[in-house]
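Examination of the molecular architecture
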Amino acid sequence: MKKYTLIGHPLGHSMSPFIHSELFKLSGIEAEYDCTDIAAEDFLKKAEGLRSLDGYNVTIPYKLDIIPCLDVLDESAKRYKSVNCVHNNNEKAIGYNTDCDGFLMSVKAKSLALSERVLIIGCGGVGRMMAIEAALHGADLTLGIIPEAASAAAELCEEIKFLSADSKVRVKPVDTISGTYDLIINASPVGMYPKIDACPVSTELIGLCGGVFDAVYNPVKTRLIQTAEAFGKPAVNGTAMLVYQAVRAHEIWNGSSYTNEQVQDIIDKTNAIIAGEF
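Summary of the structure given here. Note that the structure is a prediction, hence the values are computed from the model and not measured.

**Observations concerning the sheet that holds strand S8 (residues 140-145)**
- Within the open sheet, the 6 strands sit side by side as S9-S8-S7-S10-S11-S12. Their pairing is parallel. Each having just a single partner strand, strand S9 (168-173) and strand S12 (235-236) make up the two edges of the open sheet.
- With 5 bridges joining them, strand S7 (residues 117-121) and S8 adopt parallel strand pairing. Within S8, the position partnered with Val 118 by the bridge is Leu 141.
- Its contacts with the sheet place helix H8 (residues 223-230) against strand S10 (183-186), strand S11 (212-214) and S12, and it is angled at close to 160 degrees to S11.

**Focus: the packing of helix H5 (residues 126-136) against helix H6 (residues 150-163)**
- Running from amino to carboxyl end, H5 crosses H6 at an angle of 35 degrees, the nearest separation of the two axes being 10 Å. Of the two possible hands of crossing, H5 and H6 adopt the one that is right-handed. The segment H5 lies against H6, with Arg 128, Ala 131, Ile 132, Ala 135 and Leu 136 engaging Leu 156, Glu 159, Ile 160 and Leu 163.
- Of the residues belonging to the contact of H5 with H6, the class tally is 7 nonpolar, no polar and 2 charged.

**Some thoughts on the layout of surface pockets**
- Estimates place the volume of the largest pocket at around 1300 Å³.
- For the largest pocket, the lining is made up of 35 residues, of which Thr 59, Ile 60, Lys 63, Asp 99 and Tyr 217 are closest to its centre.
- Those elements that place two or more of their residues in the lining of the largest pocket are strand S3 (55-58), H5 and helix H9 (238-254).
- Per element, the largest residue contribution to the lining of the largest pocket is 4 residues, and it comes from H9.
- The residue makeup of the lining of the largest pocket, split by class, is 19 nonpolar, 13 polar and 3 charged.
- The space that makes up the second largest pocket amounts to roughly 230 Å³.
- For the second largest pocket, the lining is made up of 16 residues, of which Ala 235, Val 236, Asn 237, Ile 267 and Asn 271 are closest to its centre.
- Listed by contribution, the elements that provide at least two residues to the lining of the second largest pocket are helix H4 (99-109), H8, S12, H9 and helix H10 (260-274).
- Top element by residues in the lining of the second largest pocket is H10. It accounts for 4 residues.

**Quick notes on the pattern of salt bridges**
- For the structure on display, the rule yields 15 salt bridges.
- The shortest N-O distance in the salt bridge between Glu 22 and Lys 25 comes to 3.3 Å. Taken together, the residues Glu 22 and Lys 25, both in helix H1 (residues 16-27) and 3 residues apart, mark about one turn of the helix.
- Between Lys 78 and Glu 75 there is a salt bridge, with the nearest N and O atoms lying 3.5 Å from each other. On the criterion of helical spacing, the pair formed by Lys 78 and Glu 75 is a turn pair, its members being 3 residues apart in helix H3 (residues 75-80).
- Accessibility expressed as a relative area gives 46% for Lys 78, which makes it partly exposed.
- Among the charged side chains, a salt-bridge network with shared partners connects Glu 22, Lys 25, Asp 265 and Lys 269.

**Here's the deal with the nonpolar core**
- Judged by nonpolar contacts, the single largest core of 46 residues is most densely connected at Ile 120, Met 130 and Phe 213.
- If you tally residues by element for this core, the top one is H9, at 7 residues.
- Sequence-distant contacts of Ile 120, that is, excluding residues within four places in its chain, are made with Met 130, Ala 131, Ala 134, Leu 141, Thr 142, Leu 143, Gly 144, Ile 185 and Ala 187.

**Notes on the side chain of Asn 84**
- Secondary-structure assignment places Asn 84 in the loop between H3 and strand S5 (85-89).
- Its relative accessible area of 3% is what places Asn 84 among the buried residues.
- Within the structure, the side chain of Asn 84 is placed 3.2 Å from the side chain of Asp 99, a separation counted as a polar contact.
- For Asn 84, the contacting residues outside a window of four places in its chain are Tyr 56, Asn 57, Val 58, Lys 63, Tyr 96, Asn 97, Thr 98, Asp 99 and Gln 245.

**Brief notes about the pairing of strand S1 (residues 2-8)**
- A large share of S1 lies buried, amounting to 5 of its 7 residues.
- Examined bridge by bridge, S1 and strand S2 (residues 31-37) share 7 bridges and lie parallel to one another. Across the sheet, the residue bridging to Lys 3 is Glu 32, located in S2.
- In the classification by handedness, the crossover that spans S1, the intervening H1 and the parallel S2 is right-handed.

So, how was this worked out
Residues numbered from 1 in each chain as written. Predicted model: local features only at pLDDT ≥ 70, side-chain atom pairs only at ≥ 80, totals over all residues. Heavy atoms only, no water. Pairing = 2+ DSSP bridges. Helix = DSSP H or I, 4+ residues; strand = E, 2+ residues; numbered from the N terminus. Contact = heavy atoms within 4.5 Å. Axes fitted to C-alpha atoms, helices over the stretch in contact; angles between N-to-C directions. Left-handed = near helix turned anticlockwise from the far one by under 90°. Nonpolar A, V, L, I, M, F, W, Y, C, P; charged D, E, K, R; others polar. 1 Å grid on protein atoms, 1.4 Å probe; cavity = no way out; pocket = protein on both sides within 12 Å on 5 of 7 lines; lining within 4 Å. Points joined across faces, edges and corners; volume = space filled by probe spheres on them. Salt bridge = Lys/Arg side-chain N within 4 Å of Asp/Glu carboxyl O. Buried < 20%, exposed > 50% of the residue type's maximum accessible area, 1.4 Å probe, protein only. Core = buried A, V, L, I, M, F, W, Y, C linked by side-chain atoms within 4.5 Å. Polar contact = N/O pair within 3.5 Å; in protein donor to acceptor, adjacent residues only side chain to side chain. Right-handed = clockwise from strand over helix to strand, strands pointing away.

Spelled out as structure tokens, the structure:
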């Protein structure tokens, strides 16, 4: 039986075992997937033992720390200097970043317009990745930020221009943004539990947009998602990205493939668990 795990600290309650178990069932692979909480002082000592597994996922705070323990980095991991998926293959530990894949696969599944006029709220962590991927896919990109993020936003713009010299990217204070966007992406914690009544952009802006992607998945339906749906706009929450990055891991580990319908069923079940309905 194949063995996989998720490493991080502190892990708390994770949806990963459920999601990966569902994917293994669909592919007919006998495998165990669990969580391994590793304290910071034990990380280096326990990292070498991870090679005995068939593969594993990595979450906060070890997405960077794991890199020196690996033999090879995929291009995605090199680009973001972050690893969340490792495949132990022929005695080599290969690191990948499937967060970006999860984002791109989620957007594609809902036919959201990543290559058009895109507004991203937030520019740190996941926002940086989303901004770079949007720019590389030809987006006319606006970064909506709070004043404290001005320096980080400027650095991100420079990084985007380095990766794609002809990219279109600008920075605006979030409270000054107006106009029409084909896609609004919330990469900030605004609207996350427990402050569920907050929304990162105005109702007017949502009403004019083509669709919405919210990286938040607790609550399942943020105020941003609810407002977009009320206007009849396509809206996707962060659960889709969570599930699709796991799908990509299974493609890497075992060459597994899944239909959009199968993946959507897992997304729906995961959302139900998060909402306490399953």
